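# Observations on the three-dimensional arrangement
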Amino acid sequence: MVEDHGSIRTLSVDIGGSGVKAMVLDIAGKPLTERARLETPQPAKPEVVINAIVVLAAAQGDFHRVSVGFPGVVRCGVTETAVNLHPDWIGCDLATILSKQLNKPVRVINDADMQGLGAIAGLGVELVVTLGTGFGSALFVNGTLVPNMEMGHHPFRKGETYEQQLRRAALERIGEKKWNRRLEKAIASLQHLFNYDYLYIGGGEAVKVNMHLPLNVKLIPNVTGLLGGIALWKD
């Protein structure tokens, strides 16, 4: 697995409801290639999404192992939920299937968890939310992940969940101004719920955040979801 110059190259993949992204990272987690993206095939069944990953991987050059962020609950490489993809993902052994396709070892984790691994400082209670097709979340305590915390599907306000109120479809329906007011209420709600030391907001729609954020809230770039892939191999 080690090249002549002693480096290990990790293909990092981020599966989203609208796009599948890939990038190769060096042993320190720094990008070696430009981020590549394909539209998520519709309907987003396992076979066509995995094929999109294979196509992206072929254009990324050499790599030795693969990290994948998936938008749902993942346990031992098996995807257990897929609210924003297709029901066929439930029970799909993504790690094993993709490993056979690419002939490389593969590790899979929830996509918000992977984004959080690329963002956190590792001190205190840190919460990560991702704003995109859905509403992802990840919680860390002193750098230790609390896995598969699907907070987006919990009640928020007016009988709806965080995801129903803040996902991309809601943003497009109600507009940025009202969406930002909802997000401001969500930030306050999450502060009371988790008493976090830091909140990181990422995902494709984070660029639409337009408000005065508290000092302990930080916007992170969408590429963080790929950069976190290196942490999956830190045993």
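Thresholds applied
- Residues numbered from 1 in each chain as written.
- Predicted model: local features only at pLDDT ≥ 70, side-chain atom pairs only at ≥ 80, totals over all residues.
- Heavy atoms only, no water.
- pLDDT = per-residue confidence, 0-100.
- Contact = heavy atoms within 4.5 Å.
- Pairing = 2+ DSSP bridges.
- Helix = DSSP H or I, 4+ residues; strand = E, 2+ residues; numbered from the N terminus.
- Axes fitted to C-alpha atoms, helices over the stretch in contact; angles between N-to-C directions.
- Buried < 20%, exposed > 50% of the residue type's maximum accessible area, 1.4 Å probe, protein only.
- Arc of directions from axis to C-beta.
- Phe/Tyr/Trp six-rings, centres within 6.5 Å; stacked < 30°, edge-to-face > 60°.

### Quick look at the confidence of the model for the protein
Here the protein averages 96 in pLDDT, while 97% of its residues score no lower than 70. Counting interchain partners and residues more than four positions distant, the pLDDT-below-50 stretch residues 1-5 has 10 contacts.

### Here's the deal with the sheet that holds strand E4 (residues 65-70)
Taken in spatial order, the 5 strands make up an open sheet running E3-E2-E1-E4-E8, and their pairing is mixed. If you trace the sheet from one side to the other, it starts and ends with strand E3 (36-39) and strand E8 (106-110), each paired once. Averaged over all adjacent pairs, the angle separating strand axes in this sheet is 20°, with direction ignored. Pairing geometry for strand E2 (residues 19-25) and E3, over 4 bridges, is antiparallel. Counted as the bridge partner of Ala 22 is Ala 36 from E3.

### A look at the sheet that holds strand E7 (residues 92-93)
The 3 strands lie next to each other as E5-E6-E7, forming an open sheet whose pairing is antiparallel. Each end of this open sheet is capped by a strand with a single partner; those strands are strand E5 (74-75) and E7. By the bridge criterion, 2 bridges tie strand E6 (residues 78-79) to E7 in an arrangement that is antiparallel. Residue pairing in the sheet places Thr 79 in a bridge with Cys 92 of E7.

### Notes on helix H2 (residues 94-102)
Looking at H2, one finds that the buried residues are Leu 94, Ala 95, Leu 98 and Leu 102. Down the axis of H2, the buried set is contained in an arc of 90°. They therefore lie on one face. Tucked into the core, H2 has its buried residues touching strand E1 (10-15), helix H1 (46-58), E4, E6, E7 and E8. Trailing H2 by a residue or two, Asn 103 shows a phi angle of about 55°, which is positive.

### Quick word on the packing of aromatic side chains
Using the criterion set out here, one finds 4 aromatic pairs in the structure. Aromatic pair Phe 70 and Trp 89: ring centres 4.9 Å apart, planes at 50°, arrangement tilted. Here Trp 89 lies in the loop between E6 and E7 and Phe 70 lies in strand E4, a separation of 19 residues in the sequence. A residue is classified by how much of its surface remains accessible, and Phe 70, at 0% relative accessible area, is buried. Each ring, one from Phe 156 and one from Tyr 162, has its centre 4.5 Å from the other, and the planes form 15°; the classification is stacked. We classify Phe 156 as buried; its relative accessible area is 16%. A relative accessible area of 3% means that Tyr 162 is categorised as buried.

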